[in-house]
Every structure is written in structure tokens, then in C-alpha cells.
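Here's the letter readout for the chains.
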Amino acid sequence: ITGETPKEALPVLKKARKNHLTFTVDLLGETTLSEKEALEYQNRYLELMQWLLKDSAKWDDSPLLDTDDLGPIPKVNVSVKASALYSQMSAKAWENSLAEVKTRLRPIFQFAKENFIFINIDMESFDHKDLTLQIFKELISEPDFKDYRHWGIVIQAYLRDSYDDITDLVQFAKERGTPFTVRLVKGAYWDYETIHSDQQRWEVPVYTNKAESDWNFECCARLILDHHQNIKLALGSHNVRSISATMIYAEALGLPKAALEIQMLYGMADPIKKTLVNEGYRVREYATVGELIPGMAYLVRRLLENTSNESFLRSKFSDGVDSMTLLKNPGENLTESSPLPPTKPGQFYNAPLLDFTKKENRKNFENALEAVRATFGQTRPLVINGKEITTGQILERENPSHPQEIVGKVHLASNIEAEQAIKAAHVAFASWKKEPAEKRAELIEKLAQLIERDRLELAALEVYESGKPWVEADGDITEAIDFCRYYARDMRKLAQRQRVGGVSGEVSLYQYIPRGVTLVIAPWNFPLAILTGMVSAAVVTGNTVVMKPAEQSSLIAYELMRLFKEAGCPDGVVNYLPGLGEEVGEYCTGHALVDTVTFTGSKAVGLHILEKAGKVMGGQVHPKKCIIEMGGKNALIIDSDADLDEAVAGVIYSAFGFQGQKCSACSRAIVLDEIYDRFIDRLIESTRSIYVGFSEDPKSYMGPVVDREAHTRILSMIEKGRQESQLLYQGDVPPEGHFVPPTIFGDVDPKSSLGQDEIFGPVLAVIRAQTIDHAIEIANGTEYGLTGGAYSRSPMNIEKVKNELDVGNLYINRSITGAMVERHPFGGFKMSGVGEKTGGPDYIKQFMHAKVVTENTLRRGFAPSEES
Ligand code: NAD
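Residues numbered from 1 in each chain as written. Predicted model: local features only at pLDDT ≥ 70, side-chain atom pairs only at ≥ 80, totals over all residues. Heavy atoms only, no water.

J.: Would you mind showing me how to read the site of the ligand here?
T.: Lining the immediate surroundings of the ligand are 30 residues, of which Ala522, Lys548, Ser602, Met630 and Glu758 lie closest. A distance of 2.8 Å is found between an oxygen atom of the ligand and a side-chain nitrogen or oxygen belonging to glutamate 551. Glutamate 586 is positioned such that a nitrogen or oxygen atom in its side chain is 2.7 Å from a nitrogen atom of the ligand. Taking 850 Å² as the accessible area of the ligand by itself, protein coverage stands at 89%. Listing elements by their share of the shell around the ligand, those giving two or more residues are α21 (581-589), β21 (594-600) and α22 (603-614). Top contributing element to the shell around the ligand by residue count: α21, with five residues. Of the residues in the shell around the ligand, the class split is 15 nonpolar, nine polar and six charged. (Near = heavy atom within 4 Å. Polar contact = N/O pair within 3.5 Å; in protein donor to acceptor, adjacent residues only side chain to side chain. Areas by Shrake-Rupley, 256 points an atom, 1.4 Å probe, with all protein chains shown as cover. Helix = DSSP H or I, 4+ residues; strand = E, 2+ residues; numbered from the N terminus. Nonpolar A, V, L, I, M, F, W, Y, C, P; charged D, E, K, R; others polar.)

If you want it as C-alpha cells, here you go:
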């Protein structure tokens, strides 16, 4: 890092010029979390250019540094990161991001062009790559910028599609007419890209074999040189082989040395730079300006890059690898790596989310939204014992984004149909329980396959029925798929009778048998996932089901019924019973033929169900088993040394993702006094920058809350909060639709209603704590124990939180929502639930009785051998 400020950096840069090196300046800083920060960045870039420009008037001309083969080039050269200029940049909201980033870049480009400055657009992680390329192309095609040649863009040769991107840029450059520059690098986000794609189960965008990147780098460099009249090449590498191979190729093409630029990082590989300068090449240093702590990620990236086992610099300067090996052609005996994410045998993998950086996924999602819109207004019947039943009592489901639209209608069950459904399930149980576990597992695997087939339409329906933004809707569908596959797998394991005990003369076998009719009562907030999880667990374990979805999500529940039927589910095994909770839910809970009640929803209803189900009715076979998952008042602790870039983004996502309507949502941020003000500043500005809008609009970070009733309830809780705490921030929302603004209260009393009651909406209470112990005490000071977490860089405090925070799911240095099947088995304790964790190894056991069969194998003093 050349200096904290441009002023500090200037002497360093001038010294470089004395050593016949030129530079490009990059501004380091915190991640841009808000529009305020984005505008500050824009200003910093403008100031940086002004500052450098002013001083550069005094710099001596150097033909080596200030001309290329086409003529003079700017002395001032600045590298800009697109994501620093727009806090909401995302490929999902493509058009919006494109427009906003261009708006922010335009004044920078304007100033650069007017003052003969070079602007290079840097490249960051892969998810921004295509967007950044398009921003660059569109901007430099604008009439104001079209004839200027001092623009540059980065291509990362470690990306599998980099060669194609260059091919595309060549075509573009030909059409544009005026050349521009490509800085070819190998890329500095390799760890992130491989880990991220592995976690997402997406194709790995980078080459995983270093030689492939090295070889591709040379191929890309040659491709650019082949079109040197259209694109200028800046070679960003410290690898002598990569550089020299390219130099030789350029020479063979008869290009002058000035046609090629070599770029290296400030502070590194100085002997190589010197040699190249002596050889007559223009060498440019990538010089960063900024504070050390926010710049740490940059430094660590460099450190990793250059100390990795495969780094040229390490091999050359530290490991003393011989020149022949170092200069070996990377294209020789190249082994190709697979773009598929690595798989381990026997490992469970979650269904991948849609990658919205891919144009076809965005387009397909839009098409699905269109297709579902065309079905608006249709009426769904009940399905009992495989038969469609209508009752004439119709529930109309309005679109929470546009309440005048009716997404669909359902016939509501009365107690008469509830009785029929329970009877049907009871009868079906007699045969279903005898089906082999394998067949049951196959059924729900088939179901998973069908959900996957229809994933786009199902997600689109959730966008309209539940107000889920795109990504949230997609996540709900994949979770449903995961539940099916995970429980099927688990059932196969549990179906193996386990030998217990070890004495001879006796064989004891531990086995599981189904319980009977299972009443599934589901919430609306994970409309497909939670419902599918509960139903598929019951079905795969040999039970039959009465499925009572939440009123607000009965349409998607009908789709689940439809897919169950298509998967070959026998009549009566799953019965679809939409209806009012207080009516049919209540009726079924008390029914003697119901053996298990599995419920997910609010504490009030959950506790009521426990009580009601606890009463044994005449004709009841066994006491009802209740699996009850309830609410939370989840807290995230922000320690005084937390990384605010991460913490602010994590709190916002946890608090406002899906409008705060996740049971795991963060509704309390408990912040250490030392960092409180800084955290609040960034939190508010960042919240101000998120977009609240219709859920079908891909740029919406937040959509509406689920219905009119929730809207009224949340707003009245906010009103109550205003009486007891300081309202720090409340956002803007569209005038119509059930929108609740993201709302932040500060210095909330932990004992107040804001600090204690589940609101289930986008309302965040920020609470001040003096010490980490105090923060933990506050976090534990509610009746719930669902999720929680902490952002901290102190190993001691992290350990303390791990040991002392009483929640079912505890997350460190990440958001506290988004639990994934198998990776994060989910569920709480205290008043958050009684039951084993969903998506975990104990879950489906709850739907079965364990039975132990012990056989005396001793006959008149003889026993068969152990193996038989
Ligand atoms: P809710 O309790 O209002 O409704 C849940 C279900 O219960 C619905 O199907 C409803 O019709 C039914 N119901 C209502 N009254 C009933 C009665 N008397 N007898 C039988 N059934 C009845 O909850 P909701 O608004 O759908 O969901 C939000 C709540 O769910 C929040 O409190 C949230 O924290 C909780 N939740 C918890 C988890 C978890 O895993 N712990 C997951 C999701 C949601």
C-alpha cells in the first residue's frame, strides 16, 4: 500500500517514475454497503484524479513511460472497481445495476477524457464479471467516450470463459473502431471462487489446475496480440515464463516494445521489473492507496497468491526451483481439470440454487413469472383419498404486492371434510405401513425430482402468493427438494434393523415402525419447504398424512399435493385439507385417530396444540406425539472488534431478508458500546440503500409482508415501539400493497416489548451492551432459543458465545438465517420448540416408534453361531 491518502502516496509514485516505472492507482477501502458510501467512493476517485492531475503537470516527460506505439498515453492512470460505486450491484437486478453503475462511472469517465487520464475498470469476483464487462462496453460506446482510447478492462485468465470473453471483446473493439486496453491477469480470487462454487454446487468458474491458467493466460495474450490494432495488451503478471512467452510472440508479430505494457504490483518482484525496464519495456505498477485495516483483504490476497505452492515468485525466490522447470511450457502434458464441483462418495449435497448471473436463468425465471401470472384466478379443490372435493367455501388469495390481484382461490374444508380426510388417512395407513422403506424412499425421491422439474413455476407462484423475492423463493424450493432427498436417504439407513447388545444366545434387533395418522400443520413463511419437510418425513417413515397448510399458502400446498399424486402416492396417503386453523386445525388436533401432530408456527398456536393434543380422547390408541416448532426473538451480537463490512451486511440480510418473516430472522442486534455508533451509522445508511418493492421485480431486496393482517399487526407493534424506544430509521415503501418499511430502533431496553416479543416483520431492535458477557446475558434474556450469532474477531469471545448462547442454531461471523438441510439441522428449544432438528439425523425418528425384538436363540443348551 503506497499510502493512506493520495498525498502520502504521491512521493512513492514519483519515486517510481524516477526508477522508470509508471503506475495505476487503486483506492482501497471498506466494502461499499450503502449509497452514501458509494457516492463517497465516487468522490474519492474524482479527488484522486484531480490531485494526480495537478501534480502530474510538474512531472518530466518520459518517452518510455508516456508513449505507446500509437502515440502519447496519459501519465495519470486510475483503476476503478465497479462494485465500489453501487452498493446494490447484483447480476439478478441486471438492468438496474447496469444503469446505476454507468451513472456513477460517467462523471469519472468524463473527467478522465477531458483531462487525458486513463481509466481501467478492475475485475472482482466472477458473479460480477459479465455485468462489469457489459457496463464497460456500453459506457465506452457512448458518443462522449467512443473516440477515446484510454480505457481499460481486466480479463482474468483463470476463468474458463476468459478466452471467449476476449473473442467477444475483439469483435466489439472492431465495431467500436477506437482501440482500448485489456489488462490480462490470472486472477486473485481463486480461493473464493473455488469455495463459493463448491458451497453452491455450481460449476467451478476457474481452472483448478494452475498450469491450465498459465497456459490459458498465454493463449489469451496471443489472441489479444493478434488483434493489436483493436485491443492493446497490458500484461499483469509476475511470472517470467508468462511474460517472456508473450514478449516473444509480440516480437514475432513484429510489434514494437511500446505496443505491450507490463503491469506488476507495487512492492513486489522488483528485480523482474528492473530487468524489464532495462529491456526497454513500459512497466506499470499497480499502486494501492488506502488505510491498512480495510486494505487487509487486499494484502492477504496478495500474500496468498504469491506464497502459494504454485506461485512463480515463491518457486523462484524462496524455493529455488531451477530455471528450466520455471520456464517450462505450461501447455505441455496439460491435464485438464473438471469444471464440476468436487464430489465425495456418500456425501449429501444440497440442490443448487439458481445462478442468476446466468442470463438464461434470469430469462427463464421471468418466463415462469409470466406463465404463472396467466393462471391467476384459478380455483383449487381439496384432495381427499385421491378425490377432488369442492365445498363452495372459497378463500381468495390476494397478491401481497398488488392486493387487487387474486393469485388463486381454494375451497376451504369444514370439519366434515376434516373427518373424511382423517378417516381416509386412517384406512390408507393399514396398507402404507406395510410398504417397504425402499418403496417409500423412492416415492419421495420421485417427488424431489418433480419439484426440481417444476422449480421455476413453483418459485414464481411463491413470488405472487407469498411475496417472496426471487432468491428467497428459489431457496424455498431447493430446500423442499433437499428435505425429500435427505429423509429418503435417512429412511434407508434406519430401515436396516440394528443389532443391539452383545451376549451370545440372544439376538436383539432395534427397528423402527410407523406411528399412524400424522396431522401436518404448516406455516406460510417457507410455504413449500417446511410443508414438504414435514409431509415427506411422515410419508417416508410409513405414516399417512392430513396436510393442513397455512391459509396464506394453500396454493403452493396444492402444487405439492399434485406432485405427490404424480409421483405415484397411493390414495389416502396424503390428503390435502386447506382450511382455517382455528376450525379444521383445531378439529383435527383433538381427533382420536390422529397419532402424531407436527406443527410449525407461532408460539401461541404451538402451545395450544400441545395442550389440546395432550388430552386423550376415547378410542385413541396412543397419546399423541407432538413435534412443535415455534417462534424466536433471535439476536446477533456485534463485538467491538467485529468486521463491520461483514456484520452490517449480515445483520441486514438476517433482519430484512424476506421482510423479517423467517423464524430465524434477526430481530435484535446487540452491539458493544465501543463500536455502537459506527455500527449504527453504517447500518442505517446501508438499510436506506436497500430497495423495497414488488416481489416480482428482481431488484427488490424486500417485498411486501404476507397479508393485510400481518401488515396491520406489524405497524401497530412499530407504533408501540415508538412509545418506548427511539426510532432510528424507517424506509420508504410503495404506496399500495402490504409493504412495511424496514425499521430500526436504537438503544432498545432489552426488557421492553421490542426487546422481547416476536414481531415477525422487518423490525430490528438495536441494543447496547457494555461487555461480551453483558451481550450474551441480554441475548439469552428472552423466552425463546431458536437462532443466534455473533460477529467477532476475538477467539476468546467467540468461544464464550459458542459455550454460553442458548439457541438451537448458533452462527459465528455469518448471517443467522438460511439454514440448509444436512449442513445446518434446524430447530430451537425453550419456547421455540419441542422436537428434533429438521434436516438432521434425528428428525424422522420422531415419526416412528422404536421396537426391539429379542429372540432367545438358545435351544436346549445349543445356540447357532453368531454369524448365522
Ligand atoms: P401460525 O401459528 O399463525 O399458523 C401456523 C399454522 O397453524 C397455520 O396452518 C394455521 O392455520 C394453523 N393454526 C392456527 N390456529 C390453529 C389452531 N387453533 N389449531 C390448529 N392449527 C391452527 O403461524 P404462521 O403465522 O403461519 O407462521 C409464523 C410463525 O411460525 C412465527 O412465529 C415463526 O417464528 C414460526 N415459525 C417457526 C419455525 C421453526 O422452525 N421454529 C419455522 C417457520 C415459522
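J.: Could you clarify how one ought to interpret the state of the cysteines in this entry?
T.: Note on terminology: disulfide describes a covalent bond linking the sulfur atoms of two cysteines. This structure, assessed with the given rule, holds zero disulfides. Counting only cysteine sulfurs, cysteine 220 is the nearest neighbor of cysteine 219, a cysteine outside any disulfide, at a range of 6.8 Å. Unpaired in this structure, cysteine 484 has its nearest cysteine sulfur neighbour in cysteine 569, at a distance of 12 Å. Take cysteine 484: its relative accessible area is 0%, and that puts it in the buried class. (Disulfide = S-S within 2.5 Å. Buried < 20%, exposed > 50% of the residue type's maximum accessible area, 1.4 Å probe, protein only.)

J.: Any chance you could explain the packing of helix α16 (residues 437-453) against helix α17 (residues 455-466) here in plain terms?
T.: How two helices pack is summed up by the angle between their axes together with the distance between the axes. Running from N to C, α16 and α17 point in directions that differ by 70°, and their axes come no closer than 5 Å. Classified by the interaxial angle, the pair formed by α16 and α17 is roughly perpendicular. The residues of α17 that touch α16, namely those facing Ile451, Glu452 and Arg453, are Arg455, Glu457 and Leu458. Taken together, the residues of the contact of α16 with α17 sort by class into two nonpolar, no polar and four charged. (Axes fitted to C-alpha atoms, helices over the stretch in contact; angles between N-to-C directions. Parallel < 35°, antiparallel > 145°, perpendicular 65-115°, else oblique. Contact = heavy atoms within 4.5 Å.)

J.: I would appreciate a short explanation of helix α8 (residues 210-226) in the present structure.
T.: Turn by turn, an α-helix covers 3.6 residues, leaving residues three or four places apart pointing in a common direction. Here α8 spans 24 Å end to end across 17 residues, near enough to the 24 Å set by a 1.5 Å rise per residue. In terms of burial, α8 is a largely internal element, 12 of the 17 residues being buried. Residues of α8 that are buried include every one of Glu212, Ser213, Asp214, Asn216, Phe217, Glu218, Cys219, Cys220, Ala221, Leu223, Ile224 and Leu225, and no others. Residues of α8 that are buried in the fold lie against α6 (162-176), β7 (180-185), β8 (231-236), α9 (240-252) and β9 (260-265). (Expected span 1.5 Å × (residues − 1).)

J.: Whenever I open this one, the sheet that holds strand β14 (residues 394-398) confuses me. Can you help?
T.: Read across the sheet, three strands follow the order β11-β15-β14 without closing on themselves; strand pairing throughout is mixed. On the outer flanks of this sheet lie β11 (379-380) and β14, each paired with one strand and no other. Bridge count for β14 against strand β15 (residues 406-411) is five bridges, and the pairing is antiparallel. Bridge pairing in β15 links arginine 397 to glycine 408. Against the sheet, helix α20 (residues 554-566) engages β11, β14 and β15, with an angle of about 65° to β15. (Pairing = 2+ DSSP bridges.)

J.: How should I be thinking about the sheet that holds β7 in this particular structure?
T.: Hydrogen bonding along the main chain pairs the strands of a sheet, whether they run parallel or antiparallel. Read around the closed barrel, the eight strands follow the order β1-β4-β5-β6-β7-β8-β9-β10; overall the barrel is parallel. Strand-to-strand twist across the sheet, computed as the mean angle between neighbouring axes with direction ignored, equals 30°. The pairing of β7 with β8 spans five bridges and is parallel. If you follow threonine 181 over to β8, its bridge partner there is lysine 232. Of the strands in this sheet, β7, β8 and β9 are in contact with α8, which crosses β8 at around 155°.

J.: Help me out: how do you make sense of the pattern of salt bridges in this one?
T.: For side chains bearing opposite charge, pairing can occur when the charged atoms are close. Inspection of every chain in the model, using the stated rule, returns 56 salt bridges. With a shortest N-O distance of 3.9 Å, lysine 36 and glutamate 40 are connected by a salt bridge. Taken together, the positions of lysine 36 and glutamate 40, both in helix α2 (residues 35-56) and four residues apart, correspond to about one turn of that helix. When its relative accessible area of 40% is taken as the criterion, glutamate 40 is described as partly exposed. (Salt bridge = Lys/Arg side-chain N within 4 Å of Asp/Glu carboxyl O.)

J.: Just to check I follow, could you spell out unusual backbone geometry for this structure?
T.: Both trends apply: most residues other than glycine have a negative phi, and most peptide bonds are in trans. Of note in this structure, asparagine 813 is not a glycine but carries a positive phi near 55°. With respect to the helices and strands, asparagine 813 occurs in the loop between β30 (809-812) and β31 (829-830). For asparagine 813, a relative accessible area of 33% gives the class partly exposed. At arginine 860, a position not held by glycine, the phi torsion is positive, near 50°. Relative to the helices and strands, arginine 860 resides in the segment after β33 (848-856). Taking relative accessible area as the criterion, arginine 860 reaches 84% and is therefore assigned exposed.

J.: Any chance you could explain the nonpolar core here in plain terms?
T.: Most often, soluble globular proteins keep nonpolar side chains buried together rather than apart. Counting 91 residues, the largest nonpolar core has Val78, Ile119, Trp151, Phe180 and Leu184 as its most contacted members. Top contributing element to this core by residue count: helix α4 (residues 94-114), with eight residues. Excluding its chain neighbours within four sequence positions, the residues that come into contact with leucine 184 are Ile155, Ala157, Ile166, Phe217, Cys220, Ala221, Leu233, Ala234, Leu235 and Gly236. In terms of nonpolar packing, the next biggest core, distinct from the first, is built from 76 residues, Ala448, Leu450, Ala488 and Ala537 among them. (Core = buried A, V, L, I, M, F, W, Y, C linked by side-chain atoms within 4.5 Å.)

J.: Mind showing me how you'd approach the pairing of strand β10 (residues 282-289) here?
T.: For a regular strand, side-chain orientation follows a simple rule: the groups alternate between the two sheet faces. Taken across its eight residues, β10 has eight buried, putting it largely inside the fold. Side chains of β10 alternate between two faces, with Arg282, Arg284, Tyr286 and Thr288 and Val283, Glu285, Ala287 and Val289 buried alike. Judged from the six bridges that link them, strand β1 (residues 22-27) and β10 form a sheet pairing that is parallel. Bridging across to β10, leucine 27 finds its partner in valine 289. Bridging between β9 and β10 involves five bridges; their strand directions are parallel. Residue pairing in the sheet places leucine 265 in a bridge with tyrosine 286 of β10. What joins β9 to β10 is helix α10 (residues 270-278), and the crossover it makes is right-handed. (Right-handed = clockwise from strand over helix to strand, strands pointing away.)

J.: I tried to follow the side chain of glutamate 193 on my own but got confused; where do I start?
T.: By the element assignment, glutamate 193 lies in helix α7 (residues 190-200). Residues contacting glutamate 193, with those up to four places away along its chain left out, are Ser125, Phe126, Tyr158, Pro205 and Val206.

J.: When you look at the packing of helix α15 (residues 415-432) against α21 in this model, what are you seeing that I'm missing?
T.: Put simply, α15 and α21 touch, their axes get as near as 9 Å, and they point 40° apart. With respect to α21, the element α15 is oriented oblique. The way α15 lies across α21 gives a crossing that is right-handed. Where α15 approaches α21, its residues Asn415, Ala418, Glu419 and Ile422 are matched on the opposing element by Glu583, Val584, Tyr587 and Cys588. Classifying every residue of the contact of α15 with α21 by side-chain character gives five nonpolar, one polar and two charged. (Left-handed = near helix turned anticlockwise from the far one by under 90°.)

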